[in-house]
Amino acid sequence: MYLHSIEEDNSTRYLALNETTHKPFHLREDYINDSPILTLENGILSDEEFCIILLFIIFTSQVINICAIIANSLNIAVFLKLGFSEPSNISLTTLAICDFTLAVLLTWTNLCFLLTYYNVRLPFHGTNVTALTGGDHWAFLSSTVAWITAFISFERCLCILVPLKVRRLITPTGTFVAILIIIIVTFCPSVFLYIRYKFAWVFDPYLNITILNTIPVNSTFAILFEKISIVICGVIQPLLAFSIVLICTVLLVIQLRKISSWRLSVTSAKSQRVQPEENPAGSSFGAEARISQKDERLVRMVVAIATIFIVSYIPTCIVLLCYVVLDEFNQFGVYRRLLIVSAYITSLGHPFRGSVNILIYYKMTSKFRSVFRRLVRLDLQE
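As recorded in an unreviewed UniProt entry, the protein chain goes by Chemosensory receptor a and comes from Plakobranchus ocellatus. If you open the UniProt record of the protein chain and go to Subcellular location (unreviewed entry), you find "Cell membrane".

**Student:** Explanation requested: the packing of aromatic side chains in the structure shown.
**Tutor:** Working definition: an aromatic ring pair is given by the centre-to-centre distance plus the angle between the planes. On inspection of all chains with the given rule, the structure shows 11 aromatic pairs. For the pair Y117 and Y118, a centre-to-centre distance of 5.1 Å together with 90 degrees between the ring planes defines the contact as edge-to-face. Assessed through its relative accessible area of 49%, Y118 is described here as partly exposed. An angle of 20 degrees between the planes, with centres 6.1 Å apart, marks the rings of F242 and Y313 as stacked.

**Student:** Just checking my understanding: could you explain the side chain of Q237 for this structure?
**Tutor:** With respect to the secondary-structure elements, Q237 resides in helix α8 (residues 220-268). For Q237, a relative accessible area of 11% gives the class buried. Not counting chain neighbours up to four residues away, the residues in contact with Q237 comprise S143, W147, V185, T186 and I232.

**Student:** What's the story with the UniProt feature "transmembrane region" (unreviewed entry) in the protein chain in this structure? I'm lost.
**Tutor:** In this numbering, the UniProt entry assigns the feature "transmembrane region" (unreviewed entry) to residues 52-80, 92-118, 138-164, 176-197, 228-254, 298-326 and 338-362. Secondary structure within residues 92-118 divides into 96% helix and 0% strand; the distance between the first and last C-alpha atoms comes to 39 Å. Annotated as 68% helix and 5% strand, the span residues 176-197 places its first and last C-alpha atoms 32 Å apart.

How each quantity is defined
- Residues numbered from 1 in each chain as written.
- Predicted model: local features only at pLDDT ≥ 70, side-chain atom pairs only at ≥ 80, totals over all residues.
- Heavy atoms only, no water.
- UniProt positions renumbered as here; feature names shortened; annotations may be inferred.
- Phe/Tyr/Trp six-rings, centres within 6.5 Å; stacked < 30°, edge-to-face > 60°.
- Buried < 20%, exposed > 50% of the residue type's maximum accessible area, 1.4 Å probe, protein only.
- Helix = DSSP H or I, 4+ residues; strand = E, 2+ residues; numbered from the N terminus.
- Contact = heavy atoms within 4.5 Å.

Below you can see the structure in the form of structure tokens.
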């Protein structure tokens, strides 16, 4: 959604600008309809600063995206071999698939931006088409990833809070249904963007060729639906999911510390159980502390995943809040260039998180480590 804005030299197409004037900054509708240019103010960033920063971020993003694609391909292959008898494998496999898709979409968007920037003639509009085929879907899918992470964190919270009932509450079938609902609610609305925009072959007088472009559908319903979907799926849902992950992670860390303290006291006393009256954390903690060490390792892995998600998602939350609160921090505002740069910076966090998850799985899960080693060894032999 941030990628609807484009930067292009339109001096010969719209009006004569002298050499000291900054290049205009247009939106999808302005480019297609040849509407009057927007304000020429650039806010904080100049032309040179904008190009240098954006190119550096995009090249860095491409490197991280390639790492994320490779890492999540291995994650998916390992989880497929592990099977889906455990509910956590279903969630983690879906997370790996989403991370893989995010990296592919961002790679496609960045590649087309670079080709357009270096004046490579494409049979389609490099920014408008890729925004509708890549950037927009990427924005919706990042919300899906946030909610899947929130679901994984909530699932592990139940493992800590009600360990004796969690097997009945969290089943493979229930997990599959929950993940499916998350995908339908968070990602599927991106398909309806094609109600607002449609593909068409348009003659471009600037390039003097006919190219594939996107044309806005200026119906009241389409415009209203786009605004609602951006607010709900692009702002409210990600911030709500982030809050759930943050709360669940804090609860997991607190309970893990209690469990570690309890296990230490039991080990020092050479005892395997603690009576309720001897339990310093209260009688209710006795059941919580008796979770298996396997579940405890899984909880620690989820805490690590959630922590990385929180750290990488904080910049996104800041940009989303600024987008909602600040009047000029939008596609039409004075600080539209700063919005684009900020959006690209925040996009780095998603492929980075997807790249390092494989290291967490490998270090904290013995089954994953064993299957991964066998998988790599077989690949090397082939």
